[in-house]
Amino acid sequence: MDILETIIANKRLEVVRQKEAVPLELLLNFGSKRLDSKTVSMRRSLEQSQSGIIAEFKRRSPSKGWLHPNAKVKEVVPAYEKGGASACSVLTDSDFFGGSFTDLQRAHSLVKLPLLRKDFIIDEYQLYQARVMGADAVLLIAASLTKEECKRLAAIAHQLELEVLLEVHSEDELSRLNEHIDMLGVNNRHLGTFHTDVENSFRLIEHMKSEAGEGREAPLFISESGISETKVVKRLRDAGFRGFLMGEIFMKTENPGETLVRFIKKMTDEGNENKSLRDA
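Definitions and cut-offs
Residues numbered from 1 in each chain as written. Predicted model: local features only at pLDDT ≥ 70, side-chain atom pairs only at ≥ 80, totals over all residues. Heavy atoms only, no water. Helix = DSSP H or I, 4+ residues; strand = E, 2+ residues; numbered from the N terminus. Rg over C-alpha atoms; globule rule 2.2 N^0.38 Å. Buried < 20%, exposed > 50% of the residue type's maximum accessible area, 1.4 Å probe, protein only. Contact = heavy atoms within 4.5 Å. Areas by Shrake-Rupley, 256 points an atom, 1.4 Å probe, with all protein chains shown as cover. Lys, Arg positive; Asp, Glu negative; His and termini not counted. Charge placed at Lys NZ, Arg CZ, Asp CG, Glu CD. Pairing = 2+ DSSP bridges. Axes fitted to C-alpha atoms, helices over the stretch in contact; angles between N-to-C directions. Left-handed = near helix turned anticlockwise from the far one by under 90°. Right-handed = clockwise from strand over helix to strand, strands pointing away. Phe/Tyr/Trp six-rings, centres within 6.5 Å; stacked < 30°, edge-to-face > 60°. Lys NZ or Arg CZ within 6 Å of the ring centre and 35° of its normal. Parallel < 35°, antiparallel > 145°, perpendicular 65-115°, else oblique. Nonpolar A, V, L, I, M, F, W, Y, C, P; charged D, E, K, R; others polar. Polar contact = N/O pair within 3.5 Å; in protein donor to acceptor, adjacent residues only side chain to side chain.

Novice: Mind showing me how you'd approach the overall build of the protein here?
Specialist: Tallying secondary structure elements over the protein gives 12 helices and 10 strands in all. Compactness check: the protein gives a C-alpha radius of gyration of 18 Å against a globular reference of 19 Å for 280 residues, within 12% of the reference. Taken over the C-alpha atoms alone, the protein extends approximately 65 × 40 × 40 Å along its principal axes. Per-residue burial for the protein yields a buried fraction of 55% across its 280 residues. Once local pairs closer than 6 in sequence are excluded, the contacts in the protein between residues at least 24 apart make up 69%. Per element, the accessible surface of the protein, about 13,300 Å² overall, is 49% carbon and sulfur. Charged side chains in the protein number 40 positive and 43 negative. The centres of these two groups are separated by 5 Å.

Below is the structure:
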């Protein structure tokens, strides 16, 4: 099995255990107040943002190992918000990424940023978990779901007032797109091999535009993984992307929030410089 197949096989067992430990009815009773609360639109935040950065809280990666094993949500996520992130992605997978449900709950209690639950969602039970734990949006990975599963899970997410980010890696996975998708992301990291190539976003953008159509109902385009240079963000924005999911560049440093601040400042300075050259 490749890495994605290994993770999904593990996730199926994990979800079965979670359902046995906390049946859906008990989960809904536990989270009744949270279910009544309003969510924050991640899509709108990205549309209105100058940076478009979705800063990720991630302790480890299956390919890179531990990035920041002792990272604490209370130190990193508020710093992301203060530093100018448009949204925050929180890994909740424990076995492969060192995350937890508690991370998402704590983030929700500390910031007003829209929060993306990043995990390998294969069952509607996980959508209810996401809502109860404080997520505003969820990730659906096209490579791990059929077209019918994607549509059903996205529809349930909308019923729970969760926005949906559909992640694809190849042109054929665009067939999973449906009317319930709010954001369409390209993962520049192949989830089978974990090889990263940012050019994947540029290869797919025209196919995405063709498949998604135009207008207010079209999903917002996001480039994910492997982004570490401000000039790459500019190229991606010029190509049509409005969100940029970035984790390792921040989390591998001692102070992820400060690293984010420096990155956004460099983006701003370069933007002002380019504007001055155009106006000259």
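Next comes the rest of the write-up.
Novice: Sorry if this is basic, but what is going on with the sheet that holds strand 7 (residues 163-168) here?
Specialist: Think of a sheet as strands paired side by side through backbone hydrogen bonds, with each pair either parallel or antiparallel. The parallel closed barrel is built from 8 strands, whose spatial order is 1-4-5-6-7-8-9-10. On average, each strand axis in the sheet is tilted by 25° relative to the strand beside it, whichever way the strands run. Relative to strand 10 (residues 243-246), strand 9 (residues 220-224) runs parallel, the two sharing 3 bridges. Bridge assignment links Ile222 to a residue of strand 10, and that residue is Gly243. Contacting strand 1 (53-57), strand 4 (87-91) and strand 5 (115-118), helix 6 (residues 101-110) crosses the sheet at an angle of about 175° to strand 5.

Novice: I would appreciate a short explanation of the environment of Phe202 in the present structure.
Specialist: Its location among the elements puts Phe202 in helix 9 (residues 199-212). The exposure class assigned to Phe202 is buried, which follows from its relative accessible area of 19%. Put simply, Phe202 and His108 are 94 residues apart on the chain and 33 Å apart in space, counted from C-alpha to C-alpha. Setting aside its immediate chain neighbours within four residues, Phe202 contacts Arg235, Leu236 and Ala239.

Novice: Please clarify how the packing of helix 1 (residues 3-21) against helix 7 (residues 124-133) should be interpreted in this entry.
Specialist: The geometry of helix 1 relative to helix 7 is characterised by a closest axis approach of 10 Å and an angle of 65° between their N-to-C directions. The hand of the helix 1/helix 7 crossing is left-handed. Contacts between helix 1 and helix 7 pair Lys11, Val15, Gln18 and Lys19 from the former with Tyr125, Gln126 and Gln129 from the latter.

Novice: Looking at this model, I keep getting lost on the pairing of strand 10. Mind explaining?
Specialist: Neither face of strand 10 is left uncovered, since the one carrying Gly243 and Leu245 and the one carrying Phe244 and Met246 both have all their residues buried. In this view, the connection linking strand 9 to its parallel neighbour strand 10 by way of helix 10 (residues 230-239) has right-handed handedness.

Novice: Before we go on, may I ask you to explain the packing of aromatic side chains in this structure?
Specialist: The way to describe two aromatic rings as a pair is by their centre distance and the angle between their planes. Evaluated as defined, the whole model comprises 4 aromatic pairs. A centroid spacing of 6.2 Å and a plane angle of 85° characterise the contact between Phe250 and Phe263, whose relative ring orientation is edge-to-face. Of this pair, Phe250 sits in helix 11 (residues 248-251) while Phe263 sits in helix 12 (residues 256-279), and the two are 13 residues apart along the sequence. Both residues of the pair, Phe250 and Phe263, count as buried. One aromatic cluster is present, built from ring pairs that chain together Tyr80, Phe250 and Phe263. A cation over an aromatic ring shows up here: Arg60 above the ring of Trp66, its NZ or CZ 5.3 Å from the ring centre. For Arg235, the ring lying beneath its charged end belongs to Phe202, and the centroid distance is 4.1 Å.

Novice: Just checking my understanding: could you explain the packing of helix 6 against helix 7 for this structure?
Specialist: The interhelical angle for the contact between helix 6 and helix 7, taken along N-to-C directions, is 40°, at an axis separation of 9 Å. Comparing their axes, helix 7 and helix 6 come out oblique. Taking contact as the criterion, the partners of Phe101, Leu104, Gln105 and His108 in helix 6 are, on helix 7, Gln129, Ala130 and Met133. Considered class by class, the residues forming the contact of helix 6 with helix 7 number 4 nonpolar, 3 polar and no charged.

Novice: What's the story with the side chain of Arg131 in this structure? I'm lost.
Specialist: Along the polypeptide, Arg131 turns up in helix 7. Look at Arg131 and you get buried, because its relative accessible area is 3%. At a separation of 2.6 Å, a polar atom in the side chain of Arg131 contacts the main-chain carbonyl oxygen of Ser37. Ignoring sequence-local partners within four residues, the contact set of Arg131 consists of Arg34, Leu35, Ser37, Thr39, Leu160, Glu161 and Leu162.

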